[in-house]
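# Examination of the molecular architecture
Listed below are the residues making up each chain.
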Amino acid sequence: MLDNKNSIGIFDSGMGGISVLADCIRILPKENFIYYGDSKNAPYGIKTTEEVMELSENVCNYLIKKNVKAIVVACNTATSASINILRQRYNVPIIGMEPAIKPAIENYDGLIAVLATEVTLREKKFNNLLKVYGTNRKIVKIPCPNLVEIVENGIVDGKIAIREIEKCFEVIDISKISTIVLGCTHFVFLKSTIKSIVGNAINIIDGNVGTVNNLKSILKSNRILNTENSNQHIEFNNSGSEEDVLRSKKLLKIYSENAK
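All figures in this text were calculated on a predicted structure; none of them were measured in a lab.

A tally of regular secondary structure across the chain gives eleven helices and nine strands. Its C-alpha radius of gyration of 17 Å places the chain within 12% of the 18 Å reference for a compact globule of 260 residues. Projected onto its principal axes, the C-alpha coordinates of the chain cover approximately 50 × 40 × 35 Å. When burial is assessed residue by residue, the chain has 55% of its 260 residues classed as buried. Taking the intrachain contacts of the chain between residues at least 6 apart in sequence as the baseline, contacts between residues at least 24 apart amount to 77%. Working note: accessible area of the chain is about 12,000 Å², and carbon and sulfur atoms make up 45% of it. If you average the places of the 32 positive and of the 28 negative side-chain charges in the chain, the two averages end up 5 Å apart.

This is how it looks when you write it as structure tokens:
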């Protein structure tokens, strides 16, 4: 039996999932969380599918030993490569991420640009999304691996961020884009900088809140939603250095303040 008082595990290839953690803290204020960033092995987006699967299993093993009641794979790349295997292997709910293709199509007209890692864009899960929702729409896939690395280094604005974002859009005429889907949790930290480059007329969306709402629904259906905790606890872990832990906490503060 899963205990509703146990923590929820959240992991990412590094620090991108901190944006998901922030939304979890806001939407599920009675829950405790254990965050694991695999910064030592970041970025996942340039690795093979097999490598991402192995790394994801290693992190899940760590979280299971912490007695988590659910695991959020707060990484589109890890979700694409390993979610089915993880769900078969572990006896706790496993919640994944996916690019917000469906809400982009349902809410906005025009061309959709999906910014993500190479692994996310090439995997079957993403291309199945296109088959289901994108058959009658123009959708452009734009791999942006360098954006992961700059966020890992705590860079979310300024000249370096602007330069790397502009490189991503060299393959397309920005004026033709209606909506940008951020298909990597790292990219969510760059939303304001992206907006400053593409302008306010272009919609920018991500899958974070949808994922957290899905998590909440699953906790309710499994009767493990914590409704009594008055002292929320957040534990940070990282395969890299203590500096990576400190950077994660800083990014959480930045994201939370910007979300107010």
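Before going further, it helps to examine the nonpolar core. Residues Leu115, Phe169, Ile180 and Ile194 are the most contacted members of the largest nonpolar core, which totals 55 residues. The element that contributes the greatest number of residues to this core is helix 1 (residues 18-27), accounting for six residues. In this structure, Leu63, Val68, Ala78 and Ala81 belong to the second largest nonpolar core, which totals 20 residues.

Another point: the pairing of strand 7 (residues 177-182). Strand 7 sits mainly inside the fold: six of its six residues count as buried. Pairing analysis gives five bridges linking strand 5 (residues 111-116) to strand 7, with the strands arranged parallel. Within the sheet, the bridge partner assigned to Ile112 lies in strand 7 and is Thr179. Tracing the backbone out of strand 7, into helix 9 (residues 191-198) and back to the parallel element strand 8 (residues 203-206) gives a crossover that is right-handed.

With that out of the way, let us pick up the sheet that holds strand 5. Sheet architecture is open: four strands sit in the order 6-5-7-8, paired in parallel fashion. Of all the strands in the sheet, just strand 6 (139-143) and strand 8 have a single pairing partner and so form its edges. Along the sheet, successive strands turn relative to each other by an average axial angle of 25 degrees, direction set aside. By the bridge criterion, four bridges tie strand 7 to strand 8 in an arrangement that is parallel. By the bridge assignment, Thr179 is partnered in strand 8 with Asn203.

Glancing now at helix 3 (residues 76-89). Here helix 3 is 14 residues long and its end C-alpha atoms lie 19 Å apart, about the 20 Å a rise of 1.5 Å per residue gives. Along helix 3, the largest kink reaches about 70 degrees and is centred on Ser82. Within helix 3 the residues assigned to the buried category are Asn76, Thr77, Ala78, Thr79, Ser80, Ala81, Ser82, Ile83 and Leu86. Each element contacted by the buried residues of helix 3 is listed here: strand 1 (8-12), helix 2 (49-65), strand 3 (70-73), strand 4 (94-95), helix 5 (118-122) and helix 6 (124-133).

Definitions and limits used
- Residues numbered from 1 in each chain as written.
- Predicted model: local features only at pLDDT ≥ 70, side-chain atom pairs only at ≥ 80, totals over all residues.
- Heavy atoms only, no water.
- Helix = DSSP H or I, 4+ residues; strand = E, 2+ residues; numbered from the N terminus.
- Rg over C-alpha atoms; globule rule 2.2 N^0.38 Å.
- Buried < 20%, exposed > 50% of the residue type's maximum accessible area, 1.4 Å probe, protein only.
- Contact = heavy atoms within 4.5 Å.
- Areas by Shrake-Rupley, 256 points an atom, 1.4 Å probe, with all protein chains shown as cover.
- Lys, Arg positive; Asp, Glu negative; His and termini not counted.
- Charge placed at Lys NZ, Arg CZ, Asp CG, Glu CD.
- Core = buried A, V, L, I, M, F, W, Y, C linked by side-chain atoms within 4.5 Å.
- Pairing = 2+ DSSP bridges.
- Right-handed = clockwise from strand over helix to strand, strands pointing away.
- Axes fitted to C-alpha atoms, helices over the stretch in contact; angles between N-to-C directions.
- Expected span 1.5 Å × (residues − 1).
- Bend = angle between axes of the 7 residues up to and from the residue.

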